[in-house]
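Breakdown of the fold
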Amino acid sequence: MVLWDEMAVVGRIARAHGNRGQVIVNPDTDFPEERFAPGAELFVKRGADMRSLRVATARMHQGRPVVGFEGVETIDDAEALAGTELRVPREQLKALPPGMFYRHDLVGCRVETTDGRAIGTVKDVEADAGGSRLVVDGASGEILIPLAVDICTTIDPAAKRIVIAPPGGLLELNA
């Protein structure tokens, strides 16, 4: 049995595309061509109802997958999926090279400085063209920490621990 909370997010359905049941996906994976290839099985959840969807068609358009699922034939079917997360069992994820981590590996890690001062717990990982950053739930609010090797000196997902060497002013900037 596949449990929703034990699966990894690989994308979110942004909206319907066209009138044949296709959707545009905002990918949350470095491997969108493989993850959303025809035949791939993905899971969605609406309320308490979780179901699997099999990719029937896929193509890239402006950096995002346009996906057709088996059984999703109309624009109404596609619109009903808008806003849902697409997940896969974690066992289906590719092994990453050393020094790279999946988002779910980092969320929940406690963050502390090299001298042992507790900063907080990672609640999200954000990424954009400028790079990735940890969103840490600290004692006095949200703290953004660049996910850079010079700052995040130790990342140990198995121990749920990240050690940082913050440059001067980083933690105060977030105060």
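Above this text you will find the structure in question.
Together, E73, D76, D77 and E79 line one region of the surface with negative charge. Considering the arrangement of structural elements, one finds D76 in helix α2 (residues 75-81).

Scanning the model with the defined rule gives 9 salt bridges in all. A salt bridge links D124 to R103, with the nearest nitrogen and oxygen atoms 3.0 Å apart. Note that D124 is positioned in strand β8 (residues 118-128) and R103 in helix α3 (residues 103-106), a separation of 21 residues in sequence. With relative accessibility at 25%, the residue D124 sits in the partly exposed group.

Our next topic: the sheet that holds strand β9 (residues 131-138). Read from one edge of the open sheet, 6 strands run β10-β9-β8-β7-β12-β11, paired in mixed fashion. The open sheet has two edge strands, β10 (141-146) and β11 (152-156), and neither has a second partner. On average, each strand axis in the sheet is inclined to that of its neighbour by 35 degrees, with strand direction left out of account. Pairing of β8 with β9, which is carried by 8 bridges, proceeds in the antiparallel orientation. Among the inter-strand pairings, G120 is bridged to a residue of β9, identified as G138.

Once that is clear, we can look at the nonpolar core. Most often, soluble globular proteins keep nonpolar side chains buried together rather than apart. Counting 21 residues, the largest nonpolar core has L42, F69 and L86 as its most contacted members. Broken down by element, the residue count for this core peaks at 4 residues, all from strand β1 (residues 7-17). Within the second largest apolar cluster, 16 residues are counted, among which are V136, I145, I151 and L171.

The pairing of β11 with strand β12 (residues 161-164) spans 4 bridges and is antiparallel. In the sheet register, D156 faces β12, and the bridge partner there is R161. Between β11 and β12, which follow one another and run antiparallel, lie 4 residues, and K160 among them has a positive phi close to 55 degrees.

Attention now moves to the packing of aromatic side chains. A complete count under the given rule lists 0 aromatic pairs for this structure. Lying over the aromatic face of F31, K94 brings its terminal NZ or CZ to 4.5 Å of the ring centre.

Relative to the helices and strands, T29 is located in the loop between β2 (22-27) and α1 (32-35). Engagement of the side chain of T29 in a polar contact is seen with the backbone nitrogen of F31, the distance being 3.0 Å. Leave out the neighbours within four places in its chain, and T29 touches V10, R35 and F36.

Turning our eyes to something else, we now look at the state of the cysteines. Applying the stated rule across the entire model yields 0 disulfides. Here C109 is not disulfide-linked; the sulfur of C152 is the nearest cysteine sulfur, at 10 Å. Judged by its relative accessible area of 4%, C152 falls in the buried class.

Here D156 is to be found in strand β11. Its relative accessible area of 29% is what places D156 among the partly exposed residues. Considering only alpha carbons, one finds D156 and G11, 145 residues apart in sequence, at a separation of 25 Å.

Cut-off values and rules
- Residues numbered from 1 in each chain as written.
- Predicted model: local features only at pLDDT ≥ 70, side-chain atom pairs only at ≥ 80, totals over all residues.
- Heavy atoms only, no water.
- Patch = residues over 30% accessible without salt bridge, like charges linked within 9 Å, V, L, I, M, F, W, Y side chains within 5 Å.
- Areas by Shrake-Rupley, 256 points an atom, 1.4 Å probe, with all protein chains shown as cover.
- Salt bridge = Lys/Arg side-chain N within 4 Å of Asp/Glu carboxyl O.
- Lys, Arg positive; Asp, Glu negative; His and termini not counted.
- Charge placed at Lys NZ, Arg CZ, Asp CG, Glu CD.
- Helix = DSSP H or I, 4+ residues; strand = E, 2+ residues; numbered from the N terminus.
- Buried < 20%, exposed > 50% of the residue type's maximum accessible area, 1.4 Å probe, protein only.
- Pairing = 2+ DSSP bridges.
- Axes fitted to C-alpha atoms, helices over the stretch in contact; angles between N-to-C directions.
- Core = buried A, V, L, I, M, F, W, Y, C linked by side-chain atoms within 4.5 Å.
- Phe/Tyr/Trp six-rings, centres within 6.5 Å; stacked < 30°, edge-to-face > 60°.
- Lys NZ or Arg CZ within 6 Å of the ring centre and 35° of its normal.
- Polar contact = N/O pair within 3.5 Å; in protein donor to acceptor, adjacent residues only side chain to side chain.
- Contact = heavy atoms within 4.5 Å.
- Disulfide = S-S within 2.5 Å.

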